[in-house]
Amino acid sequence: MVLLSVLLIWGDTRHSIFSPFRPYLSWLVTPIQIVVTTPQKVISWSFEHLASREDLVAENQSLNQELLTLRSRLQKLDSLRAENVRLRELLDASQRVEEKIIMAEVIGFDQNAYSHKVLIDKGFSTGAYVGQAVLDATGVLGQVIETSAYNSRVLLIADASHYVPVQLSRTGFRSILRGVGDLRQMELLSVPHSTDLKKGDILTTSGLDTRFPSDYPVGVVRAVRHVLGKPYADVDVVPLAQLARSRHVMLIDQSGQEAQ
């Protein structure tokens, strides 16, 4: 067999005895080559496909992480933009305040169904004192009820134990505004049915107590209901201060005036 193979190779090399049959031999061998090379091609394609899929998965994860990072930065920018707006509003409000003020920042919340308080970063070492009125950029927030050296606790006007003497800006009618334990609602007490009061009226501090100076906005009338059999009208008021969102506040310093 070896000798025959050598003779066939020599004959084809010297005399090209297989040249007429070579195209047909190639045609016969082609299916064999396909069968032999197919597994290798399949394996190679599988590895390339898996590698491409892994690259796509890795790229997708990287893009998701980048997207989350960008969204986080965008939220931070939005938060800083909103805070700048609030600070400008507070600055504008502070310029309208005639009394001496102390700027403070809310650093904690203590709110539940029975109590609404916040913690601020100013204490008696910086001039805070019990009974001090606290405002934000839009209205009266509450009053200081407890102080330490470096922070104070503020009772919000919406707390059920808080009362504010107020007057109606439009007519001068005076009454007491009471918290009901809801940050979005307060109650105006002892309003006769004959009182000229309507939705949208603004209530301000009357200045009849020693804690809240006069003419600071407190709330806006949301609804007036006259219930048959009741001696007084039911008046719902929405606080003007951002009780649940204010971060920067003003403490009205009247200690010098009280001393005088």
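Here the structure is a predicted model, which means the values were calculated and not measured. (Residues numbered from 1 in each chain as written. Predicted model: local features only at pLDDT ≥ 70, side-chain atom pairs only at ≥ 80, totals over all residues. Heavy atoms only, no water.)

Asker: Looking at this structure, how should I read the side chain of Asp236?
Answerer: Position of Asp236 relative to the elements: it lies in strand E11 (residues 234-239). Within polar-contact distance, the side chain of Asp236 engages the side chain of Gln185 at 3.3 Å. A polar atom in the side chain of Asp236 sits 2.7 Å from the side chain of Arg225. (Helix = DSSP H or I, 4+ residues; strand = E, 2+ residues; numbered from the N terminus. Polar contact = N/O pair within 3.5 Å; in protein donor to acceptor, adjacent residues only side chain to side chain.)

Asker: Explain the nonpolar core to me, please; I cannot follow it from the model alone.
Answerer: Soluble globular proteins tend to bury their nonpolar side chains together. One finds Leu177, Leu188, Leu203, Val235, Leu243, Val249 and Leu251 to be the most contacted residues of the largest nonpolar core, which totals 39 residues. For this core, the element with the highest residue contribution is strand E12 (residues 248-253), accounting for 4 residues. (Core = buried A, V, L, I, M, F, W, Y, C linked by side-chain atoms within 4.5 Å. Buried < 20%, exposed > 50% of the residue type's maximum accessible area, 1.4 Å probe, protein only.)

Asker: So what exactly am I meant to see when it comes to unusual backbone geometry here?
Answerer: In the Ramachandran plot, Ser190 falls in the positive-phi region, its phi being about 55° despite a non-glycine side chain. Looking at the element boundaries, Ser190 is found in the loop between strand E8 (185-189) and strand E9 (202-205). Taking the relative accessible area as the measure of exposure, Ser190 reaches 46% and is therefore partly exposed. The backbone of Asp215 sits at a positive phi, close to 75°, despite the residue not being glycine. Within the secondary structure, Asp215 is located in the loop between E9 and strand E10 (217-225). Here Asp215 falls in the exposed class, since its relative accessible area comes to 53%.

Asker: Please clarify how the environment of Leu177 should be interpreted in this entry.
Answerer: By secondary structure assignment, the location of Leu177 is in strand E7 (residues 174-182). Through-space distance from the C-alpha of Leu177 to that of Ala158 is 9.4 Å; in sequence the pair is 19 residues apart. For Leu177, the contacting residues outside a window of four places in its chain are His162, Tyr163, Val164, Val166, Met186, Glu187, Leu188, Leu203, Val218 and Val237. (Contact = heavy atoms within 4.5 Å.)

Asker: Explanation requested: the pairing of E9 in the structure shown.
Answerer: Consecutive side chains along a regular strand alternate between the two faces of the sheet. Pairing geometry for strand E6 (residues 163-168) and E9, over 3 bridges, is antiparallel. Bridged to Leu168 within E9 is Leu203. Where E9 and E10 come together, 3 bridges link them in antiparallel fashion. Opposite Leu203, over in E10, you have Gly219 as the bridge partner. (Pairing = 2+ DSSP bridges.)

Asker: Please explain the sheet that holds E11 as it appears in this structure.
Answerer: Whenever strands of a sheet pair, they do so through backbone hydrogen bonds, lying parallel or antiparallel. In spatial order, the strands read E6-E7-E8-E11-E10-E9; together these 6 strands close into a barrel with antiparallel pairing. Along the sheet, successive strands turn relative to each other by an average axial angle of 45°, direction set aside. Both E7 and E8 contribute to a ladder of 5 bridges, which runs antiparallel. Opposite Gly179, over in E8, you have Met186 as the bridge partner. (Axes fitted to C-alpha atoms, helices over the stretch in contact; angles between N-to-C directions.)

Asker: Explanation requested: the pairing of strand E5 (residues 152-156) in the structure shown.
Answerer: Taken across its 5 residues, E5 has 4 buried, putting it largely inside the fold. Note: strand E4 (residues 140-147) against E5, 5 bridges, orientation antiparallel. Across the sheet, Gln143 pairs through a bridge with Leu155, a residue of E5. What sits between E4 and E5 in their antiparallel hairpin is a turn of 4 residues.

Asker: Sorry if this is basic, but what is going on with the pattern of salt bridges here?
Answerer: Side-chain pairs of opposite charge can arise where the charged atoms are in close proximity. Evaluation of the coordinates by the stated rule reveals 10 salt bridges. For Glu146, the salt bridge identified is with Arg153, shortest N-O distance 3.9 Å. Residue classification places Arg153 among the partly exposed residues on the basis of a relative accessible area of 25%. A salt bridge links Arg170 to Asp196; the shortest N-O distance between them is 2.9 Å. Separated by 26 residues along the polypeptide, Arg170 in the loop between E6 and E7 and Asp196 in the loop between E8 and E9 bring together distant segments of the chain. Within the structure, one salt-bridge network assembled from shared partners comprises Arg170, Asp196 and Asp201. (Salt bridge = Lys/Arg side-chain N within 4 Å of Asp/Glu carboxyl O.)

Asker: Quick question: what am I supposed to make of the environment of Val235 here?
Answerer: Residue placement: Val235 occurs in strand E11. Classification of Val235 by relative accessible area gives buried; the value is 1%. For Val235 and Lys199, which are 36 residues apart along the polypeptide, the C-alpha to C-alpha distance reads 9.2 Å. Beyond its immediate stretch of four places on either side in the chain, Val235 contacts Met186, Glu187, Leu188, Val191, Leu197, Val221, Ala223 and Val224.

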